[in-house]
Amino acid sequence: MQPKNPRKKSSSFRRLGLCEQLENRDMLSGHGLAFGPALQQFGPYLGLSTSAQVSAPTVTSAMTHLTSSTAQTVLTTQLTDASGTATGSATYSPGTVDGTTTTRFAVSISGAAADTTFDVSLAGTVVGQITTDANGAGKLVLSSNPSSSEQALPSNFPTSIAAGAAVTVGTLSGSLATSTGMQGGCGGEGGGLSDVTRLTAQLTETSSTATGSVSYSTGTSTDGTTVTKFKVTVAGAAASTTLDVAIDGTVVGQVTTDTNGAGSLTLSSDPKTSNEQALPSNFPTTLAAGSTVTVGTLSGTLATPTASSSSHGFRSFFRRH
């Protein structure tokens, strides 16, 4: 049975960092495999299996979970340190899945003192600790329904959290606020993220017909980790040639064209495939509209997209699989 107000439920999915529900459709049994990527992305939050070998019954189960889920407003904050260069982020996500209230609080930091343990406080209450690695990075994920990589909410976890609540990690601090980022975009860059920044550019060259494009996205995932992706593609350039890719004069990678003069480079803070490379250590920590990207003699200026190409929702994600 369809919900009485599907638009209202759709907006709830988006606030939870999920996506709008699909209409009921008959599907071939083999199409269950196509839902694997979606379940990998949303399964952990819904308590579903993330195995790539997804059967039709599992797909049905996933949709049942989705259509019986509601959410409250997600709160996020960026953490800063007035006395240093360390940064971080925090996300508080309450919601209901199949009638079960699920609360999730995730914090991540980077650039802090290496191999150090910091108290994590929420609204003045110490709720856990983060121990940084050799690079000064670390994270803590607390959940009322923890997975193997999460910790259970402590007994003293605040029962009511609202915008304005303070989050501190050592000397880092921030205040939770209602997320203004696009959280409903699924499947594309920034899918399932909050506080998302997206920038794009078209690359041109006055002396030839070569063209290219650039996309940059960064945001906070549901576990509090900052996820950044930078992608460059070129076409019509010199064949079988290696071109430097630079942002505001800093070379961050290279594109090697094929015999047709086409090539691409994808950099990610969390590379998932062989086609993605890790962000280099000199990748700019912040990018804004106006930054210049060059690939060889091609160049362009990053700007906020004028049309939303990233908010197609859950439906477009499944159409691509």
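The rules behind each value
Residues numbered from 1 in each chain as written. Predicted model: local features only at pLDDT ≥ 70, side-chain atom pairs only at ≥ 80, totals over all residues. Heavy atoms only, no water. Helix = DSSP H or I, 4+ residues; strand = E, 2+ residues; numbered from the N terminus. Buried < 20%, exposed > 50% of the residue type's maximum accessible area, 1.4 Å probe, protein only. Areas by Shrake-Rupley, 256 points an atom, 1.4 Å probe, with all protein chains shown as cover. Pairing = 2+ DSSP bridges.

> Go over the overall build of the protein with me, naming the residues and quoting the values.
Of the regular secondary structure elements, the protein holds 4 helices and 20 strands. Considering the protein as a whole, with its 321 residues, one finds that 44% of them fall into the buried category. Here the protein has roughly 15,800 Å² of accessible surface; of this, 50% comes from carbon and sulfur atoms.

> Describe the pairing of strand β9 (residues 166-169), with residues and values.
Only one face of β9 is covered, namely the face carrying V167 and V169; the face carrying A166 and T168 is uncovered. Taken together, the 3 bridges between strand β5 (residues 117-122) and β9 define a ladder with antiparallel strand orientation. Residue pairing in the sheet places L122 in a bridge with V167 of β9. Looking at chain direction, β9 and strand β10 (residues 172-175) are connected through 4 bridges and run antiparallel. The residue bridging T168 from the neighbouring strand is S173, located in β10. Between β9 and β10, which pair antiparallel in sequence order, lie 2 residues; one of them, G170, sits at a positive phi of approximately 60°.

> Give a description of unusual backbone geometry that names residues and reports values.
Backbone geometry places D115, a non-glycine residue, at a positive phi of 50°. The topology assignment puts D115 in the loop between β4 (100-110) and β5. You can call D115 exposed: its relative accessible area is 58%. Unusually for a residue other than glycine, A123 sits at a positive phi of about 55°. Secondary-structure assignment places A123 in the loop between β5 and β6 (125-131). Assessed through its relative accessible area of 43%, A123 is described here as partly exposed.

> Can you explain the pairing of strand β17 (residues 263-268)? Please cite residues and give values.
Taking burial as the measure, the 6 residues of β17 include 5 buried ones, the bulk of the element. Taken together, the 2 bridges between β17 and strand β18 (residues 277-278) define a ladder with parallel strand orientation. In the sheet register, S268 faces β18, and the bridge partner there is A278.

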